[in-house]
Amino acid sequence: MPHARRRLPAWRRRDRWWGWFFVAPQTIGMVVFVLIPFALTIALSFGKWSGLGPIRWIGLDNYTDQLTDPVFLRSIVNTFVIAVVTVPVGLGASIVVATLLEKLRTRALYLVMFFAPVVTSSIAVAMIWQQMLRSDGLISESLASMFGIDPPDWLGDPRLALIAVCLVAIWSSMGLNVVIFLAGLKNIPPSVLEAATVDGASPVSQFFRIKMPLISPVIFYSTIVAVISSFQTFDIVYVLTNDAGPDNATRTMVYHIYDVGYRSAKFGVASAASVILLLITLVVTMIQLAAQKKLVNYDL
C-alpha cells in the first residue's frame, strides 16, 4: 500500500507562502513588462499594424523589407562600428586607469570624478557634449588653435559624427569599468606579485603576464556587458545629433527601431528589426562565450 503523502508542518507552509509573497512583485513585473511584450513583439513582427485597427498578417515580409533596406543595413554597420571602437578602446583605457589608481592613496577622489558620468543622466551628458562638439564649441576651438586648422564640425560632418558618438560613449562608461577593474586588481593575491618582483619581473611584465591573465574573467564579463550596451546605443544619438544625421551617419539599430516604430507608425517593421537586433546580439554573445574557453583563466 503506497504511503500517504506527508503533510507539511504549518510553519513550512507559512514560510512557503511568504516566499511566494516576496517573489510575486518581481515575477509579476517580469511577466507583464518583459515576457508578454517579448512574445507580442515576435508575433507583431509577422504583421502590419499602425497602432490603430486590426493587425494584418503578412508573414516574413517585414524581415525581407528590413534585410533589403539600405537604411537599416547602414544602421547595422554603424552599430558594429560603435561596438568595435568603444569596447576595446573603452575597456583598454579603463584597465590602464585602474592600474594607475591601484597604488594611489587619493584614488577615492579620482574614482568619484570618473564615476560621475555613470550616475549622471545620459541626456544631460549628451547635451553637455553637444555644446562642446559644436563647430564653435570648446573642443573644436581648442583643436583649431592648437593645430592651426578650421574648427571641425563634429556633429555636422558625416565623417566625424560617428566618432563623436563613440567618444561620448567611451567617456560616459569609463567610470563603471574603472571601478570593476580596480576591484579585480585588488583581488589578486599580493604574494603572486611579490614573487614576480623577487624573480625580477618588471611592472610592465607583471601587468601583461600576471595581472591581465588573473583578471581575465573580469575583462570577459565587462566585454559582454560593453558589447550588449553598445548594441543598445540610442540616447546619445538621439540627443547629440539631429535625426541621426548627417546622412544617417550615426543611425543605430535601436534608433532605427524607434524611428520606424514611433515616428512612422510601422510597428510590424519595427518589431522585425527588434527581433533581428536580438538575434545579432545572441550570436555575438554566443561567440564570446565560446571564446572564453581559450581566453579566460579562472585559476587564481
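Structure: above.
Here we look at the pattern of salt bridges
Where charged atoms from two side chains of opposite charge come close, those side chains can pair.
Now for step 1: Applying the stated rule across the entire model yields six salt bridges.
Now for step 2: With a closest N to O distance of 3.2 Å, Glu102 and Lys211 form a salt bridge. Placement of Glu102 in helix α3 (residues 70-102) and of Lys211 in helix α9 (residues 203-214) is noted, with a sequence separation of 109 residues between them. Each member of the pair, Glu102 as well as Lys211, is classed as buried.
Now for step 3: When the shortest N-O distance is used, the salt bridge between Arg263 and Asp243 registers 3.0 Å. Here the residue Arg263 occupies a position in helix α12 (residues 253-263), and Asp243 occupies one in the loop between α11 (235-240) and α12, the gap between them amounting to 20 residues.
Now for step 4: Taking the relative accessible area as the measure of exposure, Arg263 reaches 46% and is therefore partly exposed.
Now for step 5: Judged by relative accessible area, Asp243 falls into the partly exposed class, the value being 39%.

Digging into the packing of aromatic side chains
Now for step 1: Within this structure, the stated rule accounts for 15 aromatic pairs.
Now for step 2: For the ring pair Phe46 and Tyr63, a centre distance of 5.6 Å and an interplane angle of 50° mean the geometry is tilted. Of this pair, Phe46 sits in the loop between α1 (10-44) and β1 (47-48) while Tyr63 sits in helix α2 (residues 61-67), and the two are 17 residues apart along the sequence.
Now for step 3: We classify Tyr63 as buried; its relative accessible area is 13%.
Now for step 4: Judged by centre distance (5.3 Å) and plane angle (65°), the rings of Phe234 and Tyr258 are edge-to-face. One end of the pair, Phe234, is in the loop between α10 (216-231) and α11; the other, Tyr258, is in helix α12, and 24 residues separate them in sequence.

Points about the packing of α12 against helix α13 (residues 267-295)
Helices that pack against each other are described as a pair by the angle of their axes relative to one another and the distance between those axes.
Now for step 1: Packing of α12 against α13 brings their axes to within 7 Å, and their N-to-C directions diverge by 165°. The angle between α12 and α13 falls in the class roughly antiparallel. The chirality of how α12 crosses α13 is left-handed. In this structure, α12 contributes Met253, Val254, His256, Ile257, Val260, Gly261 and Tyr262 to the contact, and α13 contributes Phe267, Val269, Ala270, Ala273, Ser274, Leu277 and Ile280.

Concerning the packing of α1 against α13
Now for step 1: The N-to-C vectors of α1 and α13 enclose an angle of 115°; their axes lie 8 Å apart at closest approach. The angle between α1 and α13 falls in the class roughly perpendicular. Crossing of α1 against α13: the hand is left-handed. Within the contact between the two elements, α1 uses Phe38, Thr41, Ile42 and Leu44 and α13 uses Phe267, Gly268, Ser271, Ser274, Val275 and Leu278.
Now for step 2: Taken together, the residues of the contact of α1 with α13 break down into six nonpolar, four polar and no charged.

What counts, and at which threshold
- Residues numbered from 1 in each chain as written.
- Predicted model: local features only at pLDDT ≥ 70, side-chain atom pairs only at ≥ 80, totals over all residues.
- Heavy atoms only, no water.
- Salt bridge = Lys/Arg side-chain N within 4 Å of Asp/Glu carboxyl O.
- Helix = DSSP H or I, 4+ residues; strand = E, 2+ residues; numbered from the N terminus.
- Buried < 20%, exposed > 50% of the residue type's maximum accessible area, 1.4 Å probe, protein only.
- Phe/Tyr/Trp six-rings, centres within 6.5 Å; stacked < 30°, edge-to-face > 60°.
- Axes fitted to C-alpha atoms, helices over the stretch in contact; angles between N-to-C directions.
- Parallel < 35°, antiparallel > 145°, perpendicular 65-115°, else oblique.
- Left-handed = near helix turned anticlockwise from the far one by under 90°.
- Contact = heavy atoms within 4.5 Å.
- Nonpolar A, V, L, I, M, F, W, Y, C, P; charged D, E, K, R; others polar.

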